[in-house]
Amino acid sequence: MATNIPVALEMYSVRHQFTENPLATMKAVKEMGYDGVEFAGKPQFCPEFYAALLKETGLTCCGWHTPWELVQENTLAETIRLNKLVNNPNIIVPWLNAKTHQDWENYARQFNDLAGKLALVGMRTGYHNHSHEFADLDGKTPWDTFMGNTDKKVVMQLDTGNALKGGCDILATLNKYPGRCQTIHLKPYSKDPEKGFKPIIGDDDCPWKEIFEFCKTKGNTEWYVIEYECPEIPALEAVKLCLDATRKLLAE
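For clarity, every value in this text was computed on a predicted model and none was experimentally measured.

1. Quick look at the overall build of the chain
- Within the chain, the regular secondary structure consists of 10 helices and eight strands.
- Taken against the 2.2 N^0.38 rule, which gives 18 Å for 252 residues, the C-alpha radius of gyration of the chain at 17 Å falls within 12% of a compact globule.
- Across the 252 residues in the chain, those meeting the buried criterion constitute 52%.
- Contacts spanning at least 24 positions in sequence make up 77% of the contacts within the chain whose residues lie at least 6 apart.
- Roughly 11,400 Å² of accessible area belongs to the chain as shown, and the carbon and sulfur atoms make up 51% of that amount.

The structure is reproduced here in structure tokens:
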């Protein structure tokens, strides 16, 4: 059973601040009490700069949301080099251009192949959902087609808010794929259409206590990753509120 699972911030949440002042933003994240970060997108800076930021702030890189095009045959070596320099074991793909179940099956096979290649260098790959993966498609969800055809070594990075928006039963989905949730995105979501993604963690409709219990007992979870991106609250303020609320829930 996992205890004291560390908490990271998905840096997409503070992407504008990071672009303007990377070091000050990373320092602010560390001062809030975050243990680590997950970067997102194509790197804006050289790998050595990211490594220096992590060393200066004492934050751990627990993941990188990596576009699919950066894990292809002609790009994978440079992606591996980047992630080695920042000591990141989790290369997570955040989006796939799939329309049919056959598309999802094809991607699943490619993920299995990618997972095998990354295992040789001590890394993993995984997939991060949005809401459309849980929409009914010919009587089945794309999520189940993809997860059901990928090896257990492919990380299921469930995004709680996106999943709930898509009509997902979060706990049923987690329990259907135990042991594959090495990292999970903690994103708040309210079923009230006027609120949506606006609430802070704990003021929304995600079953947090049950999610945390699953992660500690069945998920093989190594990192919680908070993501919040609604503009109504300034980004740095919002992610601090979410962290404080998460710590409080975890302590109950």
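Now that the structure is up, let's keep going.
2. Details of the packing of helix α5 (residues 101-119) against helix α6 (residues 142-149)
- One can describe the packing of α5 onto α6 by two numbers: an axis separation of 8 Å at closest approach and a directional angle of 30°. One element, α5, and the other, α6, form an angle in the roughly parallel class. Once α5 is placed against α6, the crossing between them reads as right-handed. Contacts from His101, Trp104, Glu105, Tyr107, Ala108, Phe111 and Asn112 of α5 reach α6 at Pro142, Thr145, Phe146 and Asn149.
- Residues of the contact of α5 with α6, tallied by class, amount to six nonpolar, four polar and one charged.

3. Looking at the packing of aromatic side chains
- What the rule picks out here adds up to 20 aromatic pairs.
- Geometrically, the ring pair formed by Tyr127 and Trp143 is tilted, given 6.4 Å between the ring centres and 35° between the ring planes. With Tyr127 in strand β5 (residues 124-128) and Trp143 in helix α6, this residue pair connects regions lying 16 residues apart in the sequence.
- Aromatic rings pair up to connect Trp68, Trp104, Tyr107, Phe111, Tyr127, Phe134, Trp143 and Phe146 into one cluster.
- One residue, Arg15, lies across the ring of Tyr12, its end atom 3.8 Å from the ring centre.
- In this structure, Lys187 is placed above the aromatic ring of Phe197, and the distance from its NZ or CZ to the ring centre is 5.6 Å.

Rules and cut-offs
- Residues numbered from 1 in each chain as written.
- Predicted model: local features only at pLDDT ≥ 70, side-chain atom pairs only at ≥ 80, totals over all residues.
- Heavy atoms only, no water.
- Helix = DSSP H or I, 4+ residues; strand = E, 2+ residues; numbered from the N terminus.
- Rg over C-alpha atoms; globule rule 2.2 N^0.38 Å.
- Buried < 20%, exposed > 50% of the residue type's maximum accessible area, 1.4 Å probe, protein only.
- Contact = heavy atoms within 4.5 Å.
- Areas by Shrake-Rupley, 256 points an atom, 1.4 Å probe, with all protein chains shown as cover.
- Axes fitted to C-alpha atoms, helices over the stretch in contact; angles between N-to-C directions.
- Parallel < 35°, antiparallel > 145°, perpendicular 65-115°, else oblique.
- Left-handed = near helix turned anticlockwise from the far one by under 90°.
- Nonpolar A, V, L, I, M, F, W, Y, C, P; charged D, E, K, R; others polar.
- Phe/Tyr/Trp six-rings, centres within 6.5 Å; stacked < 30°, edge-to-face > 60°.
- Lys NZ or Arg CZ within 6 Å of the ring centre and 35° of its normal.

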